[in-house]
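# Structure at a glance
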Amino acid sequence: SIQDETFGWIPNINAAFVLTDGYFVFIMQLGFAMLTAGSVRAKSAKSVCIKNVMDVMFGGVAYYLLGWAFAYGDKQECDADAVCSSVGNPFIGTEQFAMAGTPSTSFHTFYFQYVFAISTATIVSGAIAERIQFIAYAFYAFFICAWVYPVLSHWCWTASGFASPTRLASLGPLLLGSGVYDTVGSGAVHMMGGVAGLAGAWVAGPRLGRFNPTTGKPQPIHGHNAVYYTIGYLLLALGFFCFNSGTMAQIIAVDGTSFSGVVARCTISTTMGLCFGGITSVLVYLAYSKYTTGHAVWDLFSAGNGSLMGTIVITSGCATFAPWASAVGGIVGGLMYLPSSLFTLHVMKIDDPVDAFVVHGVGGAAGVIFYALFAEKDLVTELYGLLPDGSQRHWGCFMGDNGTVLAANLIWVLLIAGWTLGMMVPFFYILKLAGLLRLSPQDEEDGPDASHHGGSAYPGLEDAYGDYESSAK
Amino acid sequence: SIQDETFGWIPNINAAFVLTDGYFVFIMQLGFAMLTAGSVRAKSAKSVCIKNVMDVMFGGVAYYLLGWAFAYGDKQECDADAVCSSVGNPFIGTEQFAMAGTPSTSFHTFYFQYVFAISTATIVSGAIAERIQFIAYAFYAFFICAWVYPVLSHWCWTASGFASPTRLASLGPLLLGSGVYDTVGSGAVHMMGGVAGLAGAWVAGPRLGRFNPTTGKPQPIHGHNAVYYTIGYLLLALGFFCFNSGTMAQIIAVDGTSFSGVVARCTISTTMGLCFGGITSVLVYLAYSKYTTGHAVWDLFSAGNGSLMGTIVITSGCATFAPWASAVGGIVGGLMYLPSSLFTLHVMKIDDPVDAFVVHGVGGAAGVIFYALFAEKDLVTELYGLLPDGSQRHWGCFMGDNGTVLAANLIWVLLIAGWTLGMMVPFFYILKLAGLLRLSPQDEEDGPDASHHGGSAYPGLEDAYGDYESSAK
Amino acid sequence: SIQDETFGWIPNINAAFVLTDGYFVFIMQLGFAMLTAGSVRAKSAKSVCIKNVMDVMFGGVAYYLLGWAFAYGDKQECDADAVCSSVGNPFIGTEQFAMAGTPSTSFHTFYFQYVFAISTATIVSGAIAERIQFIAYAFYAFFICAWVYPVLSHWCWTASGFASPTRLASLGPLLLGSGVYDTVGSGAVHMMGGVAGLAGAWVAGPRLGRFNPTTGKPQPIHGHNAVYYTIGYLLLALGFFCFNSGTMAQIIAVDGTSFSGVVARCTISTTMGLCFGGITSVLVYLAYSKYTTGHAVWDLFSAGNGSLMGTIVITSGCATFAPWASAVGGIVGGLMYLPSSLFTLHVMKIDDPVDAFVVHGVGGAAGVIFYALFAEKDLVTELYGLLPDGSQRHWGCFMGDNGTVLAANLIWVLLIAGWTLGMMVPFFYILKLAGLLRLSPQDEEDGPDASHHGGSAYPGLEDAYGDYESSAK
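Residues numbered from 1 in each chain as written. Chains lettered and ligands numbered in written order. Predicted model: local features only at pLDDT ≥ 70, side-chain atom pairs only at ≥ 80, totals over all residues. Heavy atoms only, no water.

## Description of the overall build of chain A
Threshold: Numbering goes from the N terminus for both helices and strands, where a helix is a DSSP run of H or I of at least four residues and a strand is a run of E of at least two. Atoms counted for the radius of gyration: C-alpha only. Globule rule: 2.2 Å times the number of residues to the power 0.38. Here a residue-residue contact requires only that any non-hydrogen atoms of the pair lie within 4.5 Å. All accessible-area figures derive from a Shrake-Rupley calculation using a 1.4 Å probe, and residue coverage is judged against the displayed protein chains alone. Under the counting rule used here, the positive set is Lys and Arg, the negative set is Asp and Glu, and His together with the chain ends is not counted. Working definition for charges: the position is that of NZ of Lys, CZ of Arg, CG of Asp or CD of Glu.
Across its full length, chain A holds 16 helices and two strands. Against the 2.2 N^0.38 benchmark of 23 Å for 473 residues, chain A shows a C-alpha radius of gyration of 22 Å, consistent with a compact globule. With respect to the three principal axes, the spread of C-alpha positions in chain A is 75 × 45 × 40 Å. A separation threshold of at least 6 residues defines the contact pool for chain A, and within that pool the share at least 24 residues apart is 77%. Summed over all atoms, the accessible surface of chain A reaches about 14000 Å², with 64% contributed by carbon and sulfur. Charged side chains of chain A number 18 positive and 30 negative; the gap between the two group centres comes to 13 Å.

## Re the relation of the copies chain A and chain B
Under the convention used in this document: Residues below a pLDDT of 70 in either copy are left out; the C-alpha atoms of the rest, at least 70 in both, set the least-squares superposition of the copies.
With an RMSD of 0.0 Å, the operation that places chain A on chain B is a rotation of 120° combined with a shift of 0.0 Å along the axis. On this basis, the relationship between the two copies can be described by a three-fold rotation axis.

## Overview of the pattern of salt bridges
Residues and elements named next belong to chain B. The condition is simple: The rule for a salt bridge is simple: a side-chain nitrogen of Lys or Arg has to be within 4 Å of a carboxyl oxygen of Asp or Glu. Relative accessible area decides the class of each residue, using a 1.4 Å probe on protein chains only: under 20% of the type maximum gives buried, over 50% gives exposed, and in between gives partly exposed.
Under the definition given, this model contains 15 salt bridges over all chains. In this structure, Glu130 engages Arg207 in a salt bridge whose closest nitrogen and oxygen atoms are separated by 2.4 Å. In this pair, Glu130 is assigned in the loop between helix 4 (107-127) and helix 5 (134-157) and Arg207 in the loop between helix 6 (186-204) and helix 7 (226-246), connecting sequence segments 77 residues apart. You'll find Glu130 and Arg207 in the same group, each marked buried. Ionic pairing is found between Arg210 and Asp351, a salt bridge with its closest N-O pair at 3.0 Å.

## Concerning the interface of chain A and chain C
We count it as follows: Summed over both partners, the accessible area (1.4 Å probe) lost when two parts come together is defined as the buried area. The term polar contact refers here to a pair of N or O atoms within 3.5 Å; inside protein, the definition further demands a hydrogen-donor-capable atom paired with an acceptor-capable atom, and it admits residues adjacent in sequence only when both atoms are side-chain atoms. Think of it as three bins: nonpolar holds Ala, Val, Leu, Ile, Met, Phe, Trp, Tyr, Cys and Pro, charged holds Asp, Glu, Lys and Arg, and polar takes everything else, Gly as well.
Counting from both sides, the interface comprises 52 residues of chain A and, opposite them, 61 residues of chain C. The junction of chain A with chain C conceals about 4800 Å² of combined surface from both sides, 80% of it contributed by carbon and sulfur atoms. It is Trp9, Asn12 and Tyr23 of chain A that lose the most area in chain A upon contact with chain C, and together they represent 15% of the buried surface on that side. Taken together, chain A and chain C are joined by zero salt bridges. Connecting chain A to chain C are 11 residue pairs in polar contact (both at pLDDT 80 or more). Counting residues per element, the ones that place at least two in the side of chain A that touches chain C are helix 1 (2-7), helix 2 (10-39), helix 3 (45-72), helix 4 (107-127), helix 5 (134-157), helix 7 (226-246) and helix 15 (448-452) of chain A. With 15 residues, helix 2 of chain A is the single largest residue contributor to the side of chain A that touches chain C. Considering only residue class, the side of chain A that touches chain C consists of 37 nonpolar, 13 polar and two charged.

## Some points on the environment of Ala322 of chain C
Residues and elements named next belong to chain C. Within the fold, Ala322 resides in the loop between helix 9 (300-315) and helix 10 (323-347). Given a relative accessible area of 10%, Ala322 falls into the buried group. With 54 residues separating them along the chain, Ala322 and Glu376 place their C-alpha atoms 7.6 Å apart. Excluding its chain neighbours within four sequence positions, the residues that come into contact with Ala322 are Arg265, Glu376 and Leu379.

## Side note on the relation of the copies chain A and chain C
With an axial shift of 0.0 Å and an RMSD of 0.0 Å, the rotation relating chain A to chain C amounts to 120°. A share of only 13% of the interface residues of chain A reappears at the interface of chain C, consistent with the copies meeting through non-equivalent patches.

## What to know about the nonpolar core
Cut-off, in case you're wondering: Only buried Ala, Val, Leu, Ile, Met, Phe, Trp, Tyr and Cys residues count toward a nonpolar core, and they belong to the same one when joined by side-chain atoms within 4.5 Å.
Ranked by internal contacts, the top residues of the largest apolar core, which has 494 residues, are Phe428 of chain A, Phe428 of chain B together with Phe428 of chain C. Residues within four places of Phe428 of chain A in sequence aside, it is in contact with Val124, Ile128, Tyr140, Ala196, Ala199, Gly200, Val203 and Leu437 of chain A.

## Focus on the interface of chain A and chain B
With 61 residues of chain A in contact, the opposing surface of chain B contributes 52 residues. With both sides pooled, the region where chain A packs onto chain B buries about 4800 Å², and carbon together with sulfur makes up 79% of that total. Counting the contacts that link chain A with chain B gives zero salt bridges. Applying the counting rule to chain A against chain B returns 11 residue pairs in polar contact (both at pLDDT 80 or more). Elements supplying a minimum of two residues to the side of chain A that touches chain B: helix 1, helix 2, helix 7, helix 8 (260-293), helix 9 (300-315), helix 10 (323-347) and helix 16 (462-471) of chain A. The greatest single-element share of the side of chain A that touches chain B, amounting to 15 residues, is contributed by helix 8 of chain A. Grouping the constituent residues of the side of chain A that touches chain B by class yields 39 nonpolar, 18 polar and four charged.

## Quick notes on the environment of Cys397 of chain C
When you line up the elements, Cys397 of chain C lands in the loop between helix 12 (377-384) and helix 13 (404-433). Non-local contacts of Cys397 of chain C, meaning those with residues more than four positions away in its chain, are made with Ala372, Leu373, Asn402, Gly403 and Leu406 of chain C.

## Details of the packing of aromatic side chains
Filter applied, for reference: Stacked, tilted and edge-to-face are the three classes assigned to paired rings of Phe, Tyr and Trp, where Trp is represented by its six-membered ring and a pair needs centres within 6.5 Å; plane angles under 30 degrees give stacked, over 60 edge-to-face, the rest tilted.
Taken as a whole and assessed by the stated rule, the structure comprises 114 aromatic pairs over all chains. Between the aromatic rings of Phe112 of chain A and Phe116 of chain A, the centroid separation amounts to 5.1 Å while the plane-to-plane angle is 35°, which identifies the pairing as tilted. Here Phe112 of chain A pairs with Phe116 of chain A, and both are found in helix 4, just four residues apart, close to one helical turn. Phe116 of chain A matches Phe112 of chain A in its accessibility class, with the two residues each being buried. Judged by centre distance (6.1 Å) and plane angle (55°), the rings of Tyr111 of chain C and Tyr114 of chain C are tilted. Here Tyr114 of chain C and Tyr111 of chain C lie together in helix 4 (residues 107-127), a separation of three residues that amounts to about one turn. Note on Tyr114 of chain C: relative accessible area 1%, which makes it buried.

The structure is reproduced here in structure tokens:
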């Protein structure tokens with residue numbers, strides 16, 4: 001019938017939408033590369049570049065061979081009419097390794113999930129820049145994209161995951177009768193990546209000279225190119241619009257109802273998070289610099305990092321927040337950035353060259369919680385529908401519901417922290433014991449580009465940069 | 001019915017189209033940042049970066065709180081069947097401040113208009129680079145995005161605007177029986193931004209050393225990185241395809257008729273403008289350099305700036321020009337670039353580091369007029385339909401119509417100039433009187449990066465750049 | 001009827017899809033520019049930039065005036081019901097010069113073909129960087145986009161082309177009863193561009209100092225910026241997703257059947273090629289550097305170039321390969337990169353600063369052949385349908401068919417090589433005889449930026465770069 005025919009178009013329209021947004025998310029790889037390259041010293045620029053180029057590749061192979069299967073490879077059971085549904089495991093997927101049996105109608109989803117997976121690996125790369133052996137990088141990029149991230153995403157986003165709010169009733173009850181709401185991955189992507197970065201930075205230890213050997217006080221190590229940082233920030237901002245809205249996965253629902261309002265809401269929430277986060281963070285730094293040094297600085301890195309942190313606070317709930325709530329989320333992220341950064345550096349003594357743990361780890365945890373506070377009832381229903389039994393889903397406790405989602409999402413924050421630290425700390429520690437984690441002091445002093453990557457990223461400028469980098473210490 | 005259901009899909013398809021094109025327009029922020037960063041001295045690179053990063057933010061807050069309401073916040077009156085139509089004010093919108101009451105079906109439009117608004121702020125930033133205090137920048141970015149641009153766009157693009165060609169008959173007659181045709185914003189965006197830049201550059205005065213203190217003759221100040229300029233140009237070119245075609249706002253009309261031909265025509269017109277504009281301008285500079293110095297130079301900046309100027313000439317009429325007419329428009333823009341640039345610098349004594357006034361201001365005015373000359377009758381009807389009374393709309397006077405649109409669009413050019421200068425000259429002047437506009441001579445000499453932004457964009461290369469920049473004067 | 005109306009939407013949806021993918025392919029211009037700029041010396045950076053900026057323009061004018069007509073300007077014959085079909089020439093198109101008579105329903109196709117055309121010109125630019133006069137560049141960019149590439153594409157991709165697998169039965173038999181399968185242009189775009197680059201690099205000769213004048217052995221000339229290279233690689237990777245999938249030209253077939261699975265398969269194949277190609281090539285270089293120098297290098301350029309070569313191997317067959325086959329293709333490309341590069345440099349004594357001939361020329365030829373080995377029967381049918389007489393099309397000989405496609409595609413490789421060399425060698429030779437090809441030794445020594453483009457790309461850093469570049473020789 002004409003109805004069947006035309007309704008068959010919808011999945012195609014949605015696939016085009018998802019692919020396009022996926023390409024923009026892929027651009028975030030270049031964004032992270034440039035943001036990190038600009039934030040490190042010239043002698044490490046090429047090592048940052050090859051790492052960010054190759055996590056695209058290691059991540060792709062890992063997600064193809066194993067990750068996709070662990071995340072989405074649910075066993076299906078089909079009835080006589082070939083209508084299938086998941087009979088998957090609550091903890092892990094078990095089919096479709098190397099995409100065996102994956103139908104081409106799922107290929108666009110694979111691509112979108114793949115670009116999400118490589119984001120997590122890339123977040124880590126910033127936190128441990130300038131001091132890690134390339135081989136360690138290769139191993140962890142594979143490990144995260146093949147195992148750590150996919151399993152976590154299985155838990156919260158599939159029809160079988162034990163923490164998923166869309167878990168099939170036939171497979172078990174929802175966690176706390178609600179499931180965790182981490183719609184776009186403030187937790188499963190950003191907090192996970194940030195915490196993994198913390199694990200790496202902690203196990204590897206700080207760069208030589210980052211802390212004064214006598215006093216233990218941090219000494220500044222300036223990034224070598226603010227323009228690269230700017231390219232990085234603006235490409236990440238661009239990518240976030242699609243990271244958030246593309247996750248909606250459809251522009252028209254399969255039953256024909258409109259979905260573009262939900263999608264566009266994600267874009268608007270992202271805009272609010274970016275704008276309010278950056279301005280807030282710049283003003284915080286302005287006051288801080290005036291107060292501590294007497295000289296007020298309009299700081300580019302606070303603008304960029306604070307803006308990204310503001311965005312990550314609204315990421316998970318972008319589809320279920322009013323614009324004003326996303327503005328509040330941006331402000332919260334912008335306010336949190338500097339104190340978290342100072343605490344990580346001065347108190348925790350963690351050397352994280354791009355503040356990846358703060359922006360993604362702390363910001364991501366805040367994002368999971370922010371959903372639980374500000375998600376609106378009607379918007380939750382528009383996005384997720386009612387529960388299978390026809391009852392209303394839980395929503396944000398500041399918007400009139402009780403604290404069920406807050407409790408579930410707090411559990412989720414603890415689960416992410418536990419799973420990520422439990423996987424990554426031993427992993428990095430084993431690499432360290434095997435002598436594969438850290439550059440030798442001489443190689444680090446010379447820079448990884450000279451020692452492992454065939455020479456400086458800037459032949460001809462080594463002297464100018466070298467003089468500066470030695471004298472700076 | 002099936003008909004109603006499927007027709008309900010069209011707005012969703014169009015929203016996806018508008019969002020995607022909006023993301024490409026957002027990339028223009030990075031384009032402007034890089035084009036400007038490459039065109040200034042190394043000591044100002046970071047100040048350019050933070051300004052372009054933060055007009056995304058200031059503009060976002062401004063457009064969210066006020067701008068959208070002033071531009072599109074028409075009061076609506078609905079009949080018994082809930083069919084609504086505007087009863088808005090001809091001069092300004094009055095509702096939806098902070099998006100209060102904005103339906104999610106308009107969110108994608110908000111986003112597209114937002115990225116347009118921040119383009120205007122960004123154009124100005126180039127014209128007044130290297131000598132303005134950051135605080136002045138923050139104020140004007142907010143002012144332009146909250147007030148100057150939104151009000152202007154209300155006049156020409158809404159159902160209630162006094163100059164709009166789609167003004168509702170119930171709200172008053174069309175200007176000159178026609179309304180002004182500035183479809184994509186050669187005038188309301190580019191000319192406005194360029195003229196605002198002129199106002200800023202004029203009130204702030206030139207950079208130290210730009211004119212010889214004795215002779216008054218301009219002295220060259222070279223941009224510090226031609227590769228950044230190239231990144232900027234190519235990203236702006238990319239963005240222009242979508243700036244122009246995305247403005248069409250639909251790929252299928254709501255009544256189901258095809259609209260992709262109109263959209264693709266915009267893309268083709270843009271291609272013509274970019275290509276013919278750049279080649280023409282390069283050849284003009286080749287002849288000029290040969291004639292004035294005896295040495296023929298193939299000039300990158302003429303290629304880029306002339307190409308953008310050619311594109312802006314065809315921007316407003318991109319949907320209503322044959323490809324050959326857009327090629328002519330590109331050539332016109334390419335021919336105008338160098339003489340306009342020389343006139344602005346040598347005669348008007350304006351120091352505009354990126355020729356923003358020439359490319360956007362002069363090019364934008366030319367674009368408003370170019371529509372009035374070359375718009376084709378059938379294409380105007382395809383885009384705008386007939387007038388409410390069923391009569392034919394006016395079209396280009398070179399294509400067989402009389403000069404009605406030319407008269408209306410000339411009025412529009414005067415209105416834009418008057419409104420923009422009337423708003424921005426006093427605005428910049430007040431900042432100047434308050435001591436908030438210009439950097440101190442010492443801060444300017446040291447560079448804004450060192451004096452206000454925490455240090456050079458390129459730690460380690462300050463000496464090499466510094467020696468050059470001092471000796472160059 | 002409702003059916004006619006809604007089916008009329010499909011071409012619009014497809015046009016939006018093609019335009020979006022075309023914009024991403026346009027980004028490849030920036031990708032090539034940055035990859036090449038990073039791979040040459042600082043004294044040539046601006047010349048690379050203006051060349052890549054202006055082949056957008058020369059190519060646009062060329063393709064508008066002539067190229068589109070030669071490629072797709074088939075004469076049409078229409079019956080009484082206005083149903084038209086091609087009665088075109090098997091060798092060349094003959095209508096629609098300067099887009100005269102091109103309907104706006106073809107404008108999006110024009111745009112997509114245009115961005116393909118300028119890719120070919122850009123490939124060549126890398127191969128002959130640092131030693132060619134700008135005027136030679138202008139001539140050849142025009143020549144390739146107006147003539148060489150369009151004619152070749154007519155042969156393989158139109159309803160009338162003598163080698164096309166979709167040739168109308170009324171216009172003649174299929175080549176070997178099959179036609180050549182070069183779906184996305186591994187051959188017609190990449191091999192053609194790479195071989196044209198070889199022709200240019202051979203006729204122009206190597207850069208001064210590339211080979212030791214006494215021993216004839218190659219001496220290293222390092223690229224000046226690895227970060228630019230990285231920007232270039234990642235933007236090319238991004239563009240390749242859409243280069244490959246956008247060629248499918250539709251997301252829903254005109255008869256309403258789903259096509260997004262085919263499109264997404266191209267994206268996945270591209271992912272496989274990129275990932276497996278890069279990792280393989282990096283490991284090959286790691287072993288090679290360890291074996292030849294005793295020092296193992298993780299090489300950024302091998303990662304990028306090998307990844308692109310792996311992708312080009314799977315380009316033509318991206319829609320007809322299983323993911324595992326594309327992984328194999330990536331590995332094949334990655335294995336071929338270093339040996340091909342060494343052979344070209346050491347044995348053929350060709351100086352190709354970006355290995356354009358290897359990556360695109362050799363990789364492209366391999367891609368044409370790879371289709372003939374691994375294309376799957378069902379996927380060929382899904383993409384191309386059955387033959388007009390209802391019989392099955394031929395497919396890959398490793399997948400169960402005989403060697404028909406292999407024979408046809410081998411002929412195609414020879415035709416591309418013959419046509420390209422036959423056109424480009426005389427073309428470059430005539431330029432050489434006319435004294436228009438090569439820079440003078442002094443101009444080359446000074447660098448093209450200083451001698452022809454108004455000065456260094458990096459005012460202030462000339463001394464640092466200059467000292468290095470002199471001492472390096």
